[in-house]
Amino acid sequence: MRIITPHYILLEDRVVTNLSVAYDKTIKKIAPYEELLDEFPDAKVTSLRENSLLMPGLINAHVHIEFSGNKTELSYGDFISWLYSVIENREDLINGCSKECMNKAIDQMLRSGITTFGAISSHAMDLEACENAKQNVVFFNELIGSQAAAADALYGDFIARLDSSKAVKREGFYPAVAIHSPYSVHPILVKKALELVKNENLQLTAHFMESQAERDWLDKSSGDFKDFFEQLLKQSNAICDSDEFLSYFDDHKALFTHATKTNEKELDSISKNNQTIIHCPISNRLLGNGALDIKTLNEKNIRWILATDGLSSNYKLDLFEEMKVALFMHTDQPLLTLANQLLKSVTIDAADALGLNTGEIKEGKNADMIVLDLDVEPNEELPIHIILHRYNISKVIINGEDAL
Ligand code: BEZ
Ligand code: FE2
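Everything numeric in this text was worked out from a predicted model, so none of it was measured.

A. Main features of the overall build of the protein. Regarding its fold elements, the protein presents 16 helices and 18 strands. The C-alpha radius of gyration of the protein comes to 21 Å, within 12% of the 22 Å expected for a compact globule of 404 residues. Reported as C-alpha extents along the three principal axes, the dimensions of the protein are approximately 70 × 45 × 40 Å. Burial statistics for the protein: of 404 residues in total, 58% are counted as buried. Considering only contacts in the protein between residues 6 or more positions apart, those separated by 24 or more positions represent 71%. Surface accessibility of the protein: about 16500 Å² in total, with carbon and sulfur atoms responsible for 47%.

B. The arrangement of the packing of aromatic side chains in detail. Evaluated as defined, the whole model comprises 15 aromatic pairs. Consider the rings of F225 and F229, whose centres lie 5.2 Å apart with planes at 55°: the pair is tilted. Taken as a pair, F225 and F229 lie in helix α8 (residues 225-233) at a separation of 4 residues, close to a single helical turn. Here F229 falls in the buried class, since its relative accessible area comes to 2%. Judged by centre distance (4.9 Å) and plane angle (45°), the rings of F245 and F249 are tilted. Classification of F245 as buried rests on a relative accessible area of 0%. On the basis of relative accessible area, F249 is assigned to the buried category, the value being 0%. The ring of Y155 has K192 sitting right over it, with the charged end atom 4.5 Å from the ring centre.

C. Spatial organisation of the nonpolar core. Formed by 102 residues in total, the largest nonpolar core has its most connected members in F117, I179, F225, F249 and L372. Residue contributions to this core peak at 7 residues, all from helix α2 (residues 79-96). Non-local contacts of F249, meaning those with residues more than four positions away in its chain, are made with I179, V190, L194, L204, A206, A254, F256 and Q275. Counting 17 residues, the second-largest nonpolar core is a separate cluster that includes I59, A61, A350 and A351.

D. Local environment of the coordination of the iron ion (ligand 2). Protein coordination at the iron ion (ligand 2): the donors are H62 (NE2), H64 (NE2) and H207 (NE2), at 2.2 to 2.3 Å from the metal. Counting along the primary sequence, the residues that act as donors to the iron ion (ligand 2) give the motif H-x1-H-x142-H. A residue pair is termed long-range when its members are at least 10 positions apart, and H64 in the loop between β8 (58-63) and α2 and H207 in strand β12 (residues 204-208) qualify at 143 residues. H64 gets classed as buried once you look at its relative accessible area, which sits at 8%. Looking at H207, the relative accessible area reads 8%, which means it is buried.

E. Molecular detail of the packing of α2 against α8. At a minimum axis distance of 10 Å, the contact between α2 and α8 shows a crossing angle of 25°. On the basis of the axis angle, α2 is roughly parallel to α8. Listed contacts from α8 to F79, I80, L83, Y84 and I87 of α2 are F225, D227, F228, Q231 and L232. Class assignment of the residues belonging to the contact of α2 with α8 gives a composition of 8 nonpolar, 1 polar and 1 charged.

F. Quick peek at the site of ligand 1. Around ligand 1, the neighbouring residues are I144, G145, S146, Y183, S184, F228, F229 and L233. Here an oxygen atom of ligand 1 sits 2.5 Å away from a polar atom, N or O, in the side chain of S146. Against a free-state accessible area of 260 Å², the protein chains account for coverage of 82% of ligand 1. Of the residues that constitute the shell around ligand 1, the class distribution is 5 nonpolar, 3 polar and no charged.

G. Representation of the pattern of salt bridges within the structure. In this structure the tally under the stated criterion is 26 salt bridges. The salt bridge involving K28 is made with D24; its shortest N-O contact spans 2.9 Å. Overall, the relative accessible area of 35% leaves K28 in the partly exposed class. One network of salt bridges, in which partners are shared, links R2, K395 and D402.

H. Molecular detail of the sheet that holds strand β16 (residues 369-373). With mixed pairing, 6 strands are arranged side by side in an open sheet as β3-β2-β7-β16-β17-β18. Sheet topology places β3 (15-17) and β18 (401-402) at the edges, where each strand pairs with a single neighbour. Judged from the 2 bridges that link them, strand β17 (residues 392-398) and β18 form a sheet pairing that is antiparallel. In the sheet register, I397 faces β18, and the bridge partner there is D402. Packing against the sheet, helix α16 (residues 382-389) makes contact with β2 (8-10), β3, β7 (52-56) and β16, and its axis sits at approximately 95° to β7.

I. Spotlight on the environment of P187. As for its placement among the helices and strands, P187 is situated in helix α6 (residues 187-200). Take P187: its relative accessible area is 7%, and that puts it in the buried class. Between the C-alpha atoms of P187 and Q147, which are 40 residues apart in sequence, the distance is 10.0 Å. In this view, P187 contacts I239, C240, E244 and Y248; residues no more than four positions away in its chain are not counted.

J. Up close: α8. When we look at burial in α8, the residues that qualify are F225, F228 and F229. Each buried residue of α8 sits inside an arc of 90° when the element is viewed along its axis, so together they form one side. Lining the buried residues of α8 we find α2 and α7 (212-220). The first or second residue beyond α8 is K234, which carries a positive phi of 55°.

The rules behind each value
Numbers given to residues run from 1 along each chain, matching the order in which its sequence is written. As a convention, the first chain written is A and the first ligand written is 1, with the rest following in written order. Per-residue local features are limited, in this predicted model, to residues with pLDDT of at least 70; the limit for side-chain atom pairs, both in listing and counting, is 80 or more; totals at the level of whole chains, interfaces and linings are taken over all residues. Side-chain metrics rest on all non-hydrogen atoms present in the structure, leaving aside hydrogens and water. Per the convention used, a helix needs a DSSP run of H or I reaching at least four residues, while a strand needs a run of E reaching at least two, with both numbered from the N terminus. Based on C-alpha atoms, the radius of gyration is set beside the globule rule, defined as 2.2 Å times the residue count to the power 0.38. Summary of the burial criterion: residues with accessible area below 20% of their type's maximum are buried, those above 50% are exposed, and those between are partly exposed, where the area comes from a 1.4 Å probe applied to protein chains only. Here, two residues are considered to be in contact whenever any of their heavy atoms come within 4.5 Å of each other. The Shrake-Rupley method, run with a 1.4 Å probe, gives the accessible areas here. Residue values count only the displayed protein chains as cover. Working definition: rings of Phe, Tyr and Trp (its six-membered ring) pair if their centres are within 6.5 Å, and the pair is stacked with planes under 30 degrees apart, edge-to-face with planes over 60 apart, and tilted otherwise. Any Lys NZ or Arg CZ found within 6 Å of a ring centre and within 35 degrees of that ring's normal is scored as a charge over the ring. Grouping buried Ala, Val, Leu, Ile, Met, Phe, Trp, Tyr and Cys residues that are joined through side-chain atoms within 4.5 Å yields what is termed a nonpolar core. A donor here means any N, O or S atom no more than 2.8 Å from the metal (3.2 Å for Na, K and Ca); water is not included, so a site may seem to lack partners. Fitted lines through C-alpha atoms give the axes, limited to the stretch in contact for helices. The angle between two N-to-C directions lies from 0 to 180 degrees. Roughly parallel here means an angle under 35 degrees, roughly antiparallel means over 145, roughly perpendicular means 65 to 115, and every remaining angle is called oblique. For this scheme, ten residues count as nonpolar: Ala, Val, Leu, Ile, Met, Phe, Trp, Tyr, Cys and Pro. Four count as charged, namely Asp, Glu, Lys and Arg, and the remainder, Gly too, count as polar. Any residue with a non-hydrogen atom lying within 4 Å of a molecule or strand is treated as near it. Here a polar contact means two N or O atoms within 3.5 Å. Within protein one must be a hydrogen donor candidate and the other an acceptor candidate, and residues neighboring in sequence count only if both atoms are side-chain atoms. Any carboxyl oxygen of Asp or Glu within 4 Å of a side-chain nitrogen of Lys or Arg constitutes a salt bridge here. A pair of strands is labelled paired if DSSP reports no fewer than 2 bridges between them. Along the arc lie the directions from the helix axis toward the C-beta atoms.

Next comes the structure, spelled out in structure tokens:
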């Protein structure tokens with residue numbers, strides 16, 4: 001048993017002081033220090049400095065570790081130009097990201113307080129790095145392929161990768177499934193994979209309605225994707241429209257990433273199914289995809305959580321940076337309300353969306369916690385200050401173990 005004595009603790013809806021936390025793998029008790037010491041006299045005690053704040057570790061639900069090699073190779077500003085640049089640089093990007101490069105990305109997340117991440121894995125090149133990561137990992141094996149002729153081979157490769165991830169036996173590692181997108185995965189494949197997701201009760205995610213090109217292609221088989229599909233994939237029509245695609249996800253607690261170009265009907269389906277939207281504001285800005293309409297999502301009671309996306313469309317894997325950008329991007333939202341919502345989106349809401357027993361400093365939750373060194377006593381605007389000031393992170397605890 002361990003006891004940690006921070007100056008302040010960020011609970012779900014308030015900040016408390018003069019309380020300590022006893023934990024092993026999970027949080028056992030939150031109470032005054034003397035009371036914990038009486039109950040757990042043999043506990044190892046960590047005393048923290050003045051103005052230290054204990055808060056839940058952050059959860060980054062969407063990142064592409066395999067694409068961590070990019071810095072300046074990819075073209076920013078327009079989604080289709082970016083996609084062409086990904087295809088052109090694919091080999092270099094993948095081969096250029098050694099184990100060391102992937103470990104560096106994972107370490108960057110750890111140092112920025114990320115204790116759980118959702119890795120979208122295209123090729124399983126990141127499996128070993130994710131297996132050895134200190135963080136909890138939801139390992140989303142991605143299925144892609146719009147051509148029916150290649151469906152069997154692609155599905156076989158996907159199952160082999162999924163099986164390899166299932167063979168990983170370590171605490172905090174969860175094999176899961178990603179469907180790349182409505183335009184890039186043939187309905188035959190979507191249906192097969194979702195059957196498996198249901199039978200095996202796996203977490204499920206998909207990119208959805210990220211760009212105007214996707215909107216135009218799925219609605220009318222026209223727009224900026226037309227040349228792309230005609231030239232590279234010899235397709236003149238979309239394989240599926242968005243309503244059909246979403247219908248396959250009915251009754252799945254799925255997470256849809258981006259959703260910047262969704263329409264009313266799609267949002268109603270997402271709301272009805274209690275699905276979650278993953279919001280990656282920096283990626284959306286860099287790829288020319290606009291800003292997510294979080295006002296409408298809030299009105300429709302759709303949960304949204306914040307994530308970084310990969311270094312293929314971001315310059316860091318840091319949820320504090322991501323929250324800051326979101327705070328400045330969504331100017332139609334009241335500042336403090338938004339700051340509060342952002343903090344929840346990377347802790348308690350992300351944990352719930354991913355079905356994980358974490359994201360909160362609460363008895364019974366997994367002991368995933370970080371310590372921020374505040375420089376003053378917190379006031380009622382603490383969520384804004386946490387986002388603006390990027391306080392030093394002096395400790396990271398994952399499943400009860402010191403990870404930093
Ligand atoms: C495909 O594999 O069919 C595909 C990949 C990326 C974009 C579109 C389609
Ligand atoms: Fe992504």
